[in-house]
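Topology and contacts: notes
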Amino acid sequence: MTSRRTETLYLGTDRPLLPAAIEWFRQRAVTAEASGSSEITCVVPATRAVRRLRELLGHAGLPCDTSMGGPLVITTGELADLLISPPAPPAGDLEQTLAWARTLRDADPVSLESLVPGAVPEREPMGPWLELAATIRRMKSELAANRLRFADVVEACELPIDRGRWQTLAQFLERYLLELARAERSDPDEERRRAVGSGRCRVVGTLVLIGTTDLTPMLSEMLRSADGEIVALVAAAEDEADRFDEFGVARVDAWRDVTLPLRDDHLIAASDITDQASAVAETFAEFAKRFSADQVTIGVTDESQVGPIEVVLRGCGVASYRHLGWTIGETSVGRLLSLVATYLQRRSWESLAALVRHIEVREEVTRAIGEAWLDDLDGLLANHFPIRVDDVLPPEAADAYPAALLVARHVDRWLEPIGGDRQRDAVRPIAWWAAALDRWLAELHPDPDVTPAEGPDGPSAGQHAVRTIEALRTCGRLLRRWAELSDRLDVATSGPLAIDLITGRVSEIRVGGEADAGRVEILGWLDLALDDAPAMVVNGLNHPLVPEAAAAGGLLPASIRTRITAAENDRRYARDLIAMRSMLVTRDEIRFIVGRRSADGSPTPPSRLLAAAPAEDVARRIRQLFHSPRSPARIAHAWDAGPPATRIVVPTIDRPTIPKTLSVTAFRDYLACPYRFYLRHVRRLRPLDDVTSELAANQFGDLVHAAVERFGLSEHRDEGDPEKIEARLLEHLGAYAAEHYGEHASIAVRLQIAQAEKRLRVVAQRQAERVAAGWVIKAAEAQVNEREYDEQGNPKPAAGIVVDDQFMGLRGRFDRIDHHPKSGRWAILDYKTHGHLPEKKHLQRTSDGYRWVDLQLPLYRMMIPFLGIDADPDQVELGYFNVSEKPAETRINVAEFDTALLEVANEQIRDCVRGILAGHFEPTDDRVPYDDYAMILQTGVSQRLLDDAADADEVGDEL
């Protein structure tokens, strides 16, 4: 028999529940003083209410902390552990997972077939067992919250295959519990069930339940079986008592037909997440005319909404505080652990490049090997596409980027204590690796109260400092706890797997600091019901965010899954309906923003809570939300006074250096944009992309060029047999690929090499046809420079052009020069890995005819006298040897430029030289396709948005 006394108090709906509860505490304080008993434990649904209740107690002059004689305040998630005292310490999530992993791995593989048909893992490695164990642990806890065990599922199964699966799990459960018992640990779910059955639940002092409308069936059963005094404070009127049980838990059937006191003006329609964030800021601006920042609460129904809202508020000069906090994985410490775990697992050059960009790793590497190593690492990735750090690099890559190898060796030595270098294959208990990781972090941060270094663009104080320090402390506590894992439960594994397992669990833990005065708070949906701010704006009143749809485990049979999810969804609907009603009736101003798309772009219909109204109201509101676009209000942004100065250093051209010689390709760049020409050909600024895993267009062109050009330089260049030509071309291609990419390049690069082989097979056919027509390759890779010398060392005539009595040197490399001995004809050909005709690449149609956009072939014509070709330039053919992906387009195409066009080209060449010599390097106003310098010139989307904001009319309403 239990000795339980329960009192259910209905505090009305005329004011928020927490302030109303303070009156009960006042009365209780008087009663407790008279009786000599004052021990109280308060239970609230979510974490923010813990802090707020203590604040309100302090404001009322009541003890607000246990050290001052005040109540202990916990959340419903902590209640179960308070009600029972298990005979053995409860196993944590990691210990439970390890116990399940041992149980499953030691089982007969045949018995596991019913759980994972055809996919039973090998005994080693441990990773797959841990994943399967974590899945079963979560499923067991989900069932336990609904007062179900694996054996209960067996009875609900209709199919023999399902029955066999759950019978196996029920048997494994007993072995798992035995495994925990041997380790002197208890399973929390089982202990709660046993405590209910044996009447071992106890309440010490008085347990006060505040707004606990959504206790799980197991928690409700534990309270019913508990000894002690329980008081439930409910945000409802006395005449609604039949809608709640004795603990203030909603009776879901009683809330199905309840309507909300919702008005049309409470709802604001918005489109995507950007528009929703703007709507939040606009509503806040409206409220800010009458309320201070601490009197307005911003609510979100999904964490993905927080970032965009913070950005918009920050742009309006409004400081915010996210009560949801940050996961450790979102902090600098968490990112470091994740990057380390990824590198130890993959050991790829890509994961190494990501790791060394973390500020702390970058500083460590720089201290060890000096500056200027990052360019080498990026260059290696951008030009040679290696995969694994352990693979041998091709000779050219190793010679070109020695610092990249030094970085890899140092990082491995630095990570040796936690699985790098010689520890890579070591197999040790997880507790050992946890202790090692704790020591490694302690050496990295000997003073946990000092914020780790941040890059120049990162925050260096305030909330960032608080959460980083808190993340370090939390990691240390967890690692030290895991370092004491039971030897009986622990498993031996490799460092990379252990660090990945530990990091995955650490990353999910949340950290944060106290809200600063003057910051508007951003709360999650579950925190809003007990919020007492007089004004509130809630973003995302949408399905499936509110109520959040429950999802049962995939292994559950349909009957059980439907039973669990239906009950859970009904509970959540009642909980959220009550919460929304409380938000509506207890404050002066409130708005709900209903978006059409979520942060990931997926459609989000309105929440089904909007259906808690008369049918005609529902129809009207849905029509308004979908067909009445919002009229954005004007609000003040931080940039309205003018865009802030960019942090990007834009190279200046006050006193530009004038080049003395130009390549033929430089003229095309000058025509496109003189300023970009300056960046590329004077300042020598070139883009470097270390992210892509495949050859860029120019790199693929180099690959094909290398094969055909080496063929043109070889002794086999006069070969006429297409099969022999093909063999030689593929041989040269393979040699170039081996030199630059080695045997271990990315799969994408290997596929591109295969594509190049396919193209070269067609080239072999065309080359054989060329030879049959009487043409011979006279030269390949012929070069013309500003100053050259003959075999006797005498200077040759300078290659260049004189414009207005000023000389500009020219240099060029000619892919191929062909000669036809019988006719005496010559041809200069440029290899192109596309199928476009020369005219298409050189000329652009305008309203007045054509204009030159590329001067390569006209410049080739101008340089003929310096090539040793004894022929009139007008008689020399100029064109492309197109090596296209389409066989029909792989052919030689001779340019057809008439005399008038060539004269225009010559004048344009002279104009380019004049502009360069005069230092005219102004940026073009035209759009430049495939722009390598968009960041420097700020021509991307962000700049366009800033320009729009700067050009907008002056705002009316200001915050």
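Along every chain, residues carry numbers that run from 1 in the direction the sequence is written. Only residues with pLDDT of 70 or above have their local features reported here, since the model is predicted, and side-chain atom pairs are shown and tallied only from 80 upward, although totals for entire chains, interfaces and linings are computed over all residues. Hydrogens and water molecules were not included; the side-chain quantities draw on all heavy atoms of the structure.

Once that is clear, we can look at the overall build of the chain. Helix and strand definitions follow DSSP, with helices as H or I runs of at least four residues and strands as E runs of at least two, each counted in order from the N terminus. For the chain, the helix and strand inventory stands at 34 helices and 24 strands. Overall, the C-alpha framework of the chain stretches about 120 × 70 × 55 Å when taken along its three principal axes. For the chain, the residues scored as buried account for 50% of the 959 residues in total. Using a 1.4 Å probe, accessible areas were evaluated by the Shrake-Rupley method; residue-level cover was limited to the displayed protein chains. By element, 49% of the accessible surface of the chain is carried by carbon and sulfur atoms, the whole surface being about 45,300 Å². Here's how the labels work: a residue is buried when its accessible area is under 20% of the maximum for its type, exposed when over 50%, partly exposed in between, all with a 1.4 Å probe on protein chains only.

This part takes up the sheet that holds strand S6 (residues 267–269). Strand order in the open sheet formed by 6 strands is S6-S15-S14-S7-S13-S8, and the pairing between neighbours is parallel. Each of the sheet's edge strands pairs with one partner strand only, and the pair in question is S6 and strand S8 (320–322). Geometrically, the sheet is characterised by an average inter-axis angle of 25° between neighbouring strands, direction not taken into account. A pair of strands counts as paired when DSSP detects no fewer than two bridges linking them. Across 5 bridges, strand S14 (residues 535–539) lies against strand S15 (residues 589–594) in parallel orientation. If you follow Met536 over to S15, its bridge partner there is Ile590. Whenever a helix is involved, its axis is fitted only over the stretch in contact; in every case the axis is a line through C-alpha atoms, and angles between N-to-C directions fall within 0 to 180 degrees.

Of note, Val333 is situated in helix H13 (residues 332–346). Put simply, Val333 and Asp516 are 183 residues apart on the chain and 23 Å apart in space, counted from C-alpha to C-alpha. Contacts are assigned to residue pairs that have any heavy atoms within 4.5 Å of one another. Setting aside chain neighbours within four positions, we find Val333 in contact with Thr468, Ala471, Leu472 and Cys475.

Let's shift gears to the pattern of salt bridges. What makes a salt bridge here is a side-chain nitrogen of Lys or Arg within 4 Å of a carboxyl oxygen of Asp or Glu, nothing more. In the structure shown here, the tally under the stated rule is 71 salt bridges. Here Glu190 makes a salt bridge to Arg149, at a shortest N to O gap of 3.0 Å. Here Arg149 lies in the loop between helix H6 (127–145) and helix H7 (150–156) and Glu190 lies in helix H9 (residues 188–198), a separation of 41 residues in the sequence. Judged by its relative accessible area of 5%, Glu190 falls in the buried class. Residue Glu907 pairs with Arg914 through a salt bridge whose shortest N-O separation is 3.3 Å.

Whether two aromatic rings pair depends on their centres lying within 6.5 Å, for rings of Phe, Tyr and Trp, where Trp uses its six-membered ring; planes under 30 degrees apart make the pair stacked, over 60 edge-to-face, and the rest tilted. As enumerated under the stated definition, the model contains 17 aromatic pairs in all. Ring centres of Trp24 and Phe25 lie 5.2 Å apart, and the angle between their planes is 85°; this geometry places the pair in the edge-to-face category. Each of the two residues, Trp24 as well as Phe25, counts as buried. Feature note: the residues Tyr670, Tyr675, Phe677, Tyr678 and Phe921 constitute an aromatic cluster, connected by ring pairs. Either the NZ atom of lysine or the CZ atom of arginine qualifies as a charge over a ring when it sits within 6 Å of the ring centre and within 35 degrees of the ring normal. The cationic tip of Arg243 hangs over the ring face of Trp255; the distance from NZ or CZ to the ring centre is 5.2 Å.

Two orientations exist for strands paired in a sheet by backbone hydrogen bonds: parallel and antiparallel. With respect to topology, 5 strands assemble into an open sheet ordered S1-S5-S4-S2-S3, the strand pairing being parallel. Either end of the sheet is taken by a strand with one partner, and the two such strands are strand S1 (4–10) and strand S3 (72–75). Averaged over all pairs of adjacent strands, the angle between their axes in this sheet comes to 20°, without regard to strand direction. Pairing analysis gives 4 bridges linking strand S2 (residues 40–44) to strand S4 (residues 202–210), with the strands arranged parallel. Within S4, the position partnered with Val43 by the bridge is Leu209. The strands touched by helix H2 (residues 47–59) are S2, S3 and S4; relative to S3, the strand with the most contacts, the crossing angle is about 160°.

Before going further, it helps to spend a moment on the side chain of Arg621. In this fold, Arg621 is placed in helix H24 (residues 615–627). On the accessibility criterion, Arg621 (5% relative accessible area) is buried. Definition of a polar contact: a pair of N or O atoms within 3.5 Å, with one able to donate and the other able to accept a hydrogen when the atoms are protein atoms, and with sequence-neighbouring residues admitted only if both atoms are side-chain atoms. Here the side chain of Arg621 touches Asp264 through a polar contact of 2.8 Å, side chain to side chain. Those residues within four positions of Arg621 in sequence are excluded, and the remaining contacts are Leu262, Arg263, Asp264, Leu267 and Ala613.

This part is about helix H26 (residues 674–682). In terms of burial, H26 is a largely internal element, 9 of the 9 residues being buried. Every buried residue of H26 is listed here: Pro674, Tyr675, Arg676, Phe677, Tyr678, Leu679, Arg680, His681 and Val682. Looking at the packing, one finds that the buried side of H26 touches strand S16 (661–663), helix H25 (666–672), helix H32 (899–917) and helix H33 (934–937). A positive phi of about 60° marks Arg684, the residue just after H26.

Time to look at the nonpolar core. Within the largest apolar cluster, 89 residues are counted, with the highest numbers of intra-cluster contacts made by Trp166, Trp349, Leu352 and Leu415. The residues touching Leu352, leaving out its near neighbours within four places in the chain, are Tyr343, Leu377, Val389, Val407, Ala408 and Val411. To define a nonpolar core, start from buried Ala, Val, Leu, Ile, Met, Phe, Trp, Tyr and Cys residues and group those joined through side-chain atoms within 4.5 Å. In terms of nonpolar packing, the next biggest core, distinct from the first, is built from 49 residues, Cys673, Ile828, Tyr860 and Ile936 among them.

Moving on: the packing of H13 against helix H21 (residues 495–507). Remark: H13 packs on H21, axes separated minimally by 9 Å, with the N-to-C direction vectors making an angle of 150°. Judged by the angle between their axes, H13 and H21 are roughly antiparallel. Here the hand of the crossing between H13 and H21 comes out left-handed. Contact with H13, carried on its side by Leu337, Ser338, Ala341, Leu344 and Gln345, involves Pro496, Leu497, Ile499, Asp500, Thr503 and Val506 of H21 and no other residues of that element. Partitioning the contact of H13 with H21 into residue classes produces 7 nonpolar, 3 polar and 1 charged. These descriptions rest on fixed angle ranges, namely under 35 degrees for roughly parallel, over 145 for roughly antiparallel, 65 to 115 for roughly perpendicular, and the rest for oblique. For any pair of crossing helices, the crossing counts as left-handed if the nearer helix is rotated counterclockwise from the farther one by less than a right angle, and right-handed if it is rotated clockwise. Gly falls in the polar group here, along with every residue not listed as nonpolar (Ala, Val, Leu, Ile, Met, Phe, Trp, Tyr, Cys, Pro) or charged (Asp, Glu, Lys, Arg).

Another aspect to go through is the pairing of S4. Pairing of S4 with strand S5 (residues 227–234), which is carried by 6 bridges, proceeds in the parallel orientation. Its bridge partner lying in S5, Val208 is registered against Val231. Following the chain from S4 across helix H10 (residues 217–224) to the adjacent parallel S5, one finds a crossover that is right-handed. Every crossover in which the path from the first strand over the helix to the second runs clockwise, viewed with the strands pointing away from the viewer, is termed right-handed.

Attention shifts here to H9. Turning to H9, its buried residues number three or more, namely Pro188, Asp189, Glu190, Glu191, Arg192, Ala195 and Val196. Taking the backbone nitrogen of Asp189 as reference, a side-chain oxygen 3.2 Å away marks Asp187 as the first, capping residue of H9.

Another point: the side chain of Glu229. For Glu229, the position within the fold is in strand S5. On the basis of relative accessible area, Glu229 is assigned to the buried category, the value being 16%. Polar side-chain contacts of Glu229 include one of 2.5 Å to the side chain of Arg5. A distance of 2.8 Å separates polar atoms of two side chains, one belonging to Glu229 and the other to Thr206.

Right, let's talk about the packing of helix H27 (residues 697–713) against helix H28 (residues 722–741) for a bit. As a packed pair, H27 and H28 sit with axes 8 Å apart at the nearest point and diverge in direction by 130°. Classified by the interaxial angle, the pair formed by H27 and H28 is oblique. The crossing of H27 and H28 is right-handed. Of H28, the residues touching H27 (which contributes Gln699, Asp702, Leu703, Ala706, Ala707, Val708, Arg710 and Phe711) are Ile725, Arg728, Leu729, His732, Leu733, Ala735, Tyr736, Ala737, Glu739 and Tyr741. Its residues placed into classes, the contact of H27 with H28 shows 12 nonpolar, 2 polar and 4 charged.

Our next topic: the environment of Thr75. Examined against the element boundaries, Thr75 turns out to sit in strand S3. Those residues in contact with Thr75, other than ones at most four positions away along the chain, are Val43, Val44, Pro45, Ala46, Thr47 and Val50.

At the junction of His543 and Pro544, the peptide bond is cis and its omega measures out at 10° in the coordinates. Within the fold, Pro544 resides in the loop between S14 and helix H23 (558–585). In the segment running from Val546 into Pro547, the intervening peptide bond is cis, with an omega of -15°. You can see Pro547 is positioned in the loop between S14 and H23. Phi is positive for Ala372, close to 60°, though the residue is something other than glycine. Inspection of the secondary structure assignment puts Ala372 in the loop between helix H15 (359–369) and helix H16 (374–384). By relative accessible area, which is 65% here, Ala372 ends up exposed.

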